[in-house]
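# Working through the structure, step by step
The chain contents come next:
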Amino acid sequence: MITTKSWTMRTFKSYVDELKEKMNLNSDYAVAQFLDIKRQYMTKINNGEVLGKEKCYRIAQALKRDPLEIIATALAQKETNRDLKAVWIKLAKEKGNNE
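I will try to describe carefully the structure that is included in this document.

Rules used in this analysis
Residues numbered from 1 in each chain as written. Predicted model: local features only at pLDDT ≥ 70, side-chain atom pairs only at ≥ 80, totals over all residues. Heavy atoms only, no water. Buried < 20%, exposed > 50% of the residue type's maximum accessible area, 1.4 Å probe, protein only. Helix = DSSP H or I, 4+ residues; strand = E, 2+ residues; numbered from the N terminus. Contact = heavy atoms within 4.5 Å. Core = buried A, V, L, I, M, F, W, Y, C linked by side-chain atoms within 4.5 Å.

Side chains that are three or four residues apart share a direction in an α-helix, a result of its 3.6 residues per turn. Along helix α2 (residues 28–35), 6 of the 8 residues are buried, which leaves the element largely enclosed by surrounding structure. Those residues of α2 lying buried are Asp28, Ala30, Val31, Ala32, Phe34 and Leu35. Tucked inside the fold, the buried residues of α2 contact α1 (12–22), α3 (39–46) and α4 (53–63). Looking at the residues trailing α2, positive phi occurs at Asp36, about 60°.

Here's what the structure looks like:
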């Protein structure tokens, strides 16, 4: 979960977990195959890394969500500038990222 002031929202990993459940992907290896990434990158995701826009789009399509919700969530999670982070969080919330 990402928390900034009064903003609390889902993390990128929670979308990957949702993908895993909805698509019946029984392992990180299966998720990695679905997303066409190396299995080792799943460990990075589990530790807070995010994927690029193309993979966010693929996740959004599979989950039938607005791609901007997941892209903005990923950008908010990795953003270090507080003002820009707030912009990404606001967009993610507007597009559906609610706890």
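A few words on the nonpolar core. Of all hydrophobic cores here, the largest spans 23 residues; its most connected members are Phe12, Leu19, Leu35, Ile59 and Ile70. Elements supplying a minimum of two residues to this core: α1, α2, α3, α4 and α5 (67–78). Apart from the residues lying within four places of it in its own chain, the contact partners of Phe12 are Ile45, Glu49, Val50, Leu51, Cys56, Ile59, Ile70, Thr73, Ala74 and Gln77. Within the second largest apolar cluster, 5 residues are counted, among which are Met9, Ala76, Ile89 and Ala92.

These results come straight from atomic positions and should not be treated as a statement about function.
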